[in-house]
Amino acid sequence: MSLRLAGVLAVLVTCFTCAPLHAQRLDPHIGYLYPSGGQRGTTFNVTLGGQHLKGATNAVVSGSGVDVSVLQYVKALTNKEMNDIKKSFSEAQKAHKKATEGTKKRGNGKASAKKGAQDAVTEATRMASAMDSNEWPMDPRDLDLSKMSPEELKLLRAALFNKKKQPNAQLDSRVLLSVTVAPDAHLGARELRLMTAGGLSNPMVLRVDAYPEVPEREPNEKMGELVAELPAVLNGQIMPGDVDRFRFRAKQGERIVASVRARSLIPYLADAVPGWFQAVLTLYDASGSEVAFVDDYRFDPDPVLRYEIPADGEYELLVRDSIYRGREDFVYRITLGALPFVESVYPLGGQAGASVRVALAGWNLPAKHVVVKPTAKGGGIQLISVPKLGGGANTIEFAVDNLDEQMDTEPNNLVQSAQPVKLPLTINGRISRPGDWDVFRFQGSEGQVVVAEILARRLNSPVDSILKLTDAKGNEVAVNDDTKDPAAGLVTHHADSRLMATLPATGIYYVHVGDTQRAGSQAHTYRLRISPPRPDFKLRIMPSSINLFPGTTVIMSAAAIRQDGFVGDIRLRVAEPQSDLLLSGAWIPEGQDRVSFTLTAPRELPFDSVPLRLEGVATIGDREVCRPAIPAEDMMQAFLWRHLVPVDDMLLTGIPTKWRRRPTRPASSGVVTLVPGGTGEIGFRSSARKRAQGLELDIRHPAEGFSLTDVTPVEGGADAILQADSKAVTPGDKGNLILEAFVTREVKDKEGNPTGKTRRNSQGILPAIPFEIVAQ
């Protein structure tokens, strides 16, 4: 079958297992793309699965050179439609059986069977061709089962009524896209978002690659189709209990690399353990013997299989889930061929503005060194490209800092041979063998505060570090194994160490760096910063797609990743000031890491997607510091854990509507101050002249500690009394109060007569009001 047929099967399977959703407007959500990329210079179809996709009109893709058009929207089937299609299947299969029995009675069984088999092949070929040319319907309601061969009916029915298939409302709708990639489009990951009647969706990875694309063709559990030419990119979806096989030819001495992208396409699954599609690869030779197996790449769940071909011949690559799970969002891309793959670099970073000669190690590399000139200012991590590696090479993360740099010099594994260093600096080191330690000596003063921090796992190094700080007598001053970094949203095993300590006396001190697993190799590289504290912060803003009706307000969230002891207030603002946008509660109070705030749109809002850039400003010491707010998706892993996954862009989208609400603003711009058990007055205003009769207010955030009394309608808004619960709040509490407005209306029947029932209708979110609890 063709790639389109695989898409049809995915559509049908989900439509049969998910009931339609009846709800008010909700933001559209993409669960997966299949295939999740394509070759540049080509046009291909993509099936997009998700939720709340009705009214899809177009897609927004980051970068240039990628054009997308919407071909078809497929909604979930109703229970009646499910039963009707089941009945149609039974009738079609009975008709085929009856025709076959009639042929046998006429004595033409063998000839007819041969012709039937030939017709089935012809029909399958015709069907595949029709789907590739976009002539075959994606919607199961449009399938004409009477024209299908018995083989096609059997295949479709097995997919539709798979007893292992679990209903998933997050994947109950489909949109078929046509994607055209320009010949000169830059290679790598893009972000695709779908525009629907409900606004813009979350971003999903869409890759642009350099090599021909090969889709899996079911059935391929026992034997895969031969890949005509390498290198190639293999595409597939793993369903429950599924395995996919691909055959290819290789010559003796070729160093084959099969690199999986699965978790890197969809980082986290909220309703699956361990929280992503855990792909595994097995390689077989022509005799069917297993010659290689991988289930990860170091600590990365996406496996990379490397194998030097011992003899000319045909080989088979098998991909599956580690415990044979599967569903539509278990999507993979495998780059297969004698391609370059970088396993390690040294050093892992450099000083801003200074050229660095970086040593490379890996497979099929055309060079052993590359010169890198870091461009990031003020520190950070930048992606670097390696010349002559081509489109198949993996990307390299390179750290940049402003401190002086020094290389680890062996032997330095004991205190007696410790390497002398002068603070502040960054050391580039390597745990070169199992059990190795690197020890560094510096002069310190009593009361001096010192920070030592490892950067390794966050740069894809296998080092699982441990840091120790000791004095001249060997006494342990501080020790640390792992420190969680919320800014590293794709890391689930935080293995980088960090410690901050006050030196108890003037004298010599030692920083010891080791690996907790007692592992070591040329790939076990790290960066060690030893310096005084450098108080600072990073920001993440959620969500990355903001959908607004004119004049309405949405809740947003900001997370501060505080560094080296910084605890002060952070003020949020629009990086490129726009007087028509209102941020309310735009602060992260002292000592807090997370806050909810609001964004209010003007009454005149363009019905388009535009970039929105926010930034945070804080006073650190005697200087004002401004940091960009990185857009992110707040993703759940395996029902429990949450991660802030950074994305490229934050986009603000105006939703078309005939009703243009007048934006609401807080009655005062200051912070509401209350004592425990005390009250304060709050209010909201708009340019409307009418009184807000019957308006009710509910507190959305925080969930506890406050109550509202005496809601009074006034011209253009409402006033209320806010009371702080003395048992739930304490002096020093700070944050934002976010309310939702409601109106209760009488429910009438179809004729307009009262039913005696009422319905409480939301009138929207109100702008956030900052508060602070003070002592009496």
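Description of the structure in this document. As the structure is a computational prediction, the values presented were derived from the model and not from experiment. (Residues numbered from 1 in each chain as written. Predicted model: local features only at pLDDT ≥ 70, side-chain atom pairs only at ≥ 80, totals over all residues. Heavy atoms only, no water.)

Moving on: the overall build of the protein. Helix and strand counts for the protein come out as four helices and 56 strands. Put simply, the protein has 776 residues, and 51% of those count as buried. Accessible area for the protein stands at about 35,800 Å²; split by element, carbon and sulfur atoms hold 50% of it. (Helix = DSSP H or I, 4+ residues; strand = E, 2+ residues; numbered from the N terminus. Buried < 20%, exposed > 50% of the residue type's maximum accessible area, 1.4 Å probe, protein only. Areas by Shrake-Rupley, 256 points an atom, 1.4 Å probe, with all protein chains shown as cover.)

This next bit is on the environment of Tyr-34. Within the fold, Tyr-34 resides in strand 1 (residues 29-34). As a C-alpha pair, Tyr-34 and Leu-176 span 142 residues in sequence and 9.8 Å in three-dimensional space. Of the polar contacts made by the side chain of Tyr-34, one reaches the backbone oxygen of Asn-235; its length is 3.4 Å. (Polar contact = N/O pair within 3.5 Å; in protein donor to acceptor, adjacent residues only side chain to side chain.)

What follows concerns the side chain of Gln-237. Mapping Gln-237 onto the fold places it in strand 12 (residues 232-237). A polar contact of 2.9 Å, which involves the side chain of Gln-237, links it to the backbone oxygen of Glu-328.

The next subject is the packing of aromatic side chains. Applying the stated rule across the entire model yields seven aromatic pairs. For the pair Phe-442 and Tyr-509, a centre-to-centre distance of 6.0 Å together with 25° between the ring planes defines the contact as stacked. On the criterion of sequence distance, the pair formed by Phe-442 in strand 29 (residues 438-444) and Tyr-509 in strand 34 (residues 507-515) is long-range, its members being 67 residues apart. For the pair shown, Phe-442 and Tyr-509 are each scored as buried. (Phe/Tyr/Trp six-rings, centres within 6.5 Å; stacked < 30°, edge-to-face > 60°.)

Negative phi characterises most residues that are not glycine, and trans characterises most peptide bonds. Val-273 connects to Pro-274 through a cis peptide bond whose omega is 15°. Within the secondary structure layout, Pro-274 lies in the loop between strand 14 (255-261) and strand 15 (279-284). Geometrically, the link from Glu-410 to Pro-411 is a cis peptide bond, its omega value of 0° lying close to zero. Assignment of secondary structure puts Pro-411 in the loop between strand 26 (405-407) and strand 27 (419-420). Unusually for a residue other than glycine, His-52 sits at a positive phi of about 60°. Mapped onto the elements, His-52 comes out in the loop between strand 3 (43-51) and strand 4 (58-61). For Phe-639, which is not glycine, the phi torsion reads 70° and is therefore positive. Here Phe-639 falls in the exposed class, since its relative accessible area comes to 53%.

Further remarks concern the sheet that holds strand 23 (residues 369-372). Judged by pairing direction, the sheet is antiparallel, and its three strands sit side by side in the order 20-22-23 without closing on themselves. Strands with a single pairing partner mark the edges of an open sheet, and in this sheet they are strand 20 (341-346) and strand 23. For this sheet, the mean inter-axis angle between neighbouring strands, taken without regard to orientation, is 35°. When strand 20 meets strand 22 (residues 356-363), the two strands line up antiparallel, connected through five bridges. Along strand 22, the bridge assignment pairs Ser-344 with Ala-361. (Pairing = 2+ DSSP bridges. Axes fitted to C-alpha atoms, helices over the stretch in contact; angles between N-to-C directions.)

Taken together, the side chains of Val-273, Phe-639, Leu-640 and Trp-641 make up a nonpolar region of the molecular surface, amounting to roughly 460 Å² of accessible area. With respect to the secondary-structure elements, Leu-640 resides in the loop between strand 45 (623-637) and strand 46 (641-646). Residue class for Leu-640 comes out exposed when judged on its relative accessible area of 56%. (Patch = residues over 30% accessible without salt bridge, like charges linked within 9 Å, V, L, I, M, F, W, Y side chains within 5 Å. Salt bridge = Lys/Arg side-chain N within 4 Å of Asp/Glu carboxyl O.)

With 59 residues, the main nonpolar core has Leu-192 and Leu-317 as its most contacted residues. With near-sequence residues (within four places) excluded, Leu-317 lies in contact with Leu-234, Asp-244, Arg-245, Phe-246, Phe-248, Ala-258, Leu-281, Thr-282, Leu-283, Leu-305, Ile-334 and Leu-336. Val-574, Leu-581, Ala-601 and Met-650 belong to the second-largest nonpolar core, a separate cluster that totals 30 residues. (Core = buried A, V, L, I, M, F, W, Y, C linked by side-chain atoms within 4.5 Å. Contact = heavy atoms within 4.5 Å.)

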